[in-house]
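The chain contents come next:
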Amino acid sequence: DDVRHVRLLDAFVARCCAWRAAVLRRDTADGRHVPAMFHRRCVVYCVYADVFGDARGFDDLVARLDYVAALGVDCVWLLPVLESPLRDAGFDVSDYARVRADLGGNDAFERFLAEAHRRGVRVLFDVAINHCSEEHHWFRTARAARHAPYRDFFIWSDDASEYADARVIFA
């Protein structure tokens, strides 16, 4: 089963590499070449951008990048950073194009990304593609009427007992 998961991850990263070849295969600031399948041998450091030490966003995280790089970290994995009402730890995304304002927004994220890349540290972040907030435009539009656009993006039921065993936080 582990081999299957590695193959699935390899296939996913390969697709990403084909799509973003220029980004994934470029040399780091110190001249090291990062192969397309960098995830197989890298050290990943997982961080909540708003609670790493006394950090309160990406501008504060920039000050900690030297520390992280000195640990031998090749890649920082950021837990949810996109705009969200935070009812589900940030996985309930309300806008997939905006980084949360409390973290400094898109501009602060771009500064953090540039500084991380300057140090040879890659950045990944969690995106729950199949899960959005009840505040997301698609959900609000879908909820408006039974034949609304995006309605089939979601699972609906008139019977509250139909999904009694499901974890539902948006009721």
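Because the structure is predicted, anything quoted here is derived from the model rather than measured. (Residues numbered from 1 in each chain as written. Predicted model: local features only at pLDDT ≥ 70, side-chain atom pairs only at ≥ 80, totals over all residues. Heavy atoms only, no water.)

1. A few points about the overall build of the protein
- From N to C terminus, the protein includes six helices and five strands.
- For the protein, the succession of helices and strands along the chain, N to C, is α-α-β-α-α-β-β-β-α-β-α.
- Looking at the protein residue by residue over its 171 residues, the buried ones come to 34%.
- When contacts within the protein are restricted to residue pairs at least 6 apart in sequence, long-range pairs at least 24 apart make up 54% of them.
- Surface exposure of the protein reaches about 11,100 Å², of which carbon and sulfur atoms provide 55%. (Helix = DSSP H or I, 4+ residues; strand = E, 2+ residues; numbered from the N terminus. Buried < 20%, exposed > 50% of the residue type's maximum accessible area, 1.4 Å probe, protein only. Contact = heavy atoms within 4.5 Å. Areas by Shrake-Rupley, 256 points an atom, 1.4 Å probe, with all protein chains shown as cover.)

2. Overview of the pairing of strand β2 (residues 75-78)
- Here four bridges tie strand β1 (residues 44-47) to β2, and the two strands are oriented parallel to one another. Opposite Val47, over in β2, you have Leu78 as the bridge partner. (Pairing = 2+ DSSP bridges.)

3. Topic: the state of the cysteines
- Taken as a whole and judged by the stated rule, the model has zero disulfides.
- You can see Cys42 has no disulfide; the closest cysteine sulfur is in Cys75, sitting 5.2 Å from it.
- Taking relative accessible area as the criterion, Cys42 reaches 18% and is therefore assigned buried. (Disulfide = S-S within 2.5 Å.)

4. Examining the packing of aromatic side chains
- Going through the model one piece at a time under the given rule, you end up with nine aromatic pairs.
- Their ring planes at 75° and their centres at 5.2 Å tell us that Phe58 and Phe109 sit as a pair that is edge-to-face. With Phe58 in helix α3 (residues 58-62) and Phe109 in helix α5 (residues 105-118), this pair connects stretches of sequence that are 51 residues apart. The same class applies to Phe58 as to Phe109, namely buried.
- A centroid spacing of 5.3 Å and a plane angle of 40° characterise the contact between Phe58 and Phe112, whose relative ring orientation is tilted. Separated by 54 residues along the polypeptide, Phe58 in helix α3 and Phe112 in helix α5 bring together distant segments of the chain.
- Here Phe112 falls in the buried class, since its relative accessible area comes to 2%.
- Directly above the aromatic system of Trp156 lies the positively charged group of Arg151, at a separation of 4.1 Å from the ring centroid. (Phe/Tyr/Trp six-rings, centres within 6.5 Å; stacked < 30°, edge-to-face > 60°. Lys NZ or Arg CZ within 6 Å of the ring centre and 35° of its normal.)

5. Re empty space enclosed by the protein
- Going through the model one piece at a time under the given rule, you end up with one cavity of 30 Å³ or more.
- Volume-wise, the largest cavity comes out at about 60 Å³.
- Every residue along the wall of the largest cavity is listed here: Val47, Phe52, Leu61, Arg64, Leu65, Val68, Val76, Leu78 and Phe112.
- Of all the elements in the fold, those that place two or more residues in the lining of the largest cavity are α4 (65-70) and β2.
- Residue classes in the lining of the largest cavity are distributed as eight nonpolar, no polar and one charged. (1 Å grid on protein atoms, 1.4 Å probe; cavity = no way out; pocket = protein on both sides within 12 Å on 5 of 7 lines; lining within 4 Å. Points joined across faces, edges and corners; volume = space filled by probe spheres on them. Nonpolar A, V, L, I, M, F, W, Y, C, P; charged D, E, K, R; others polar.)

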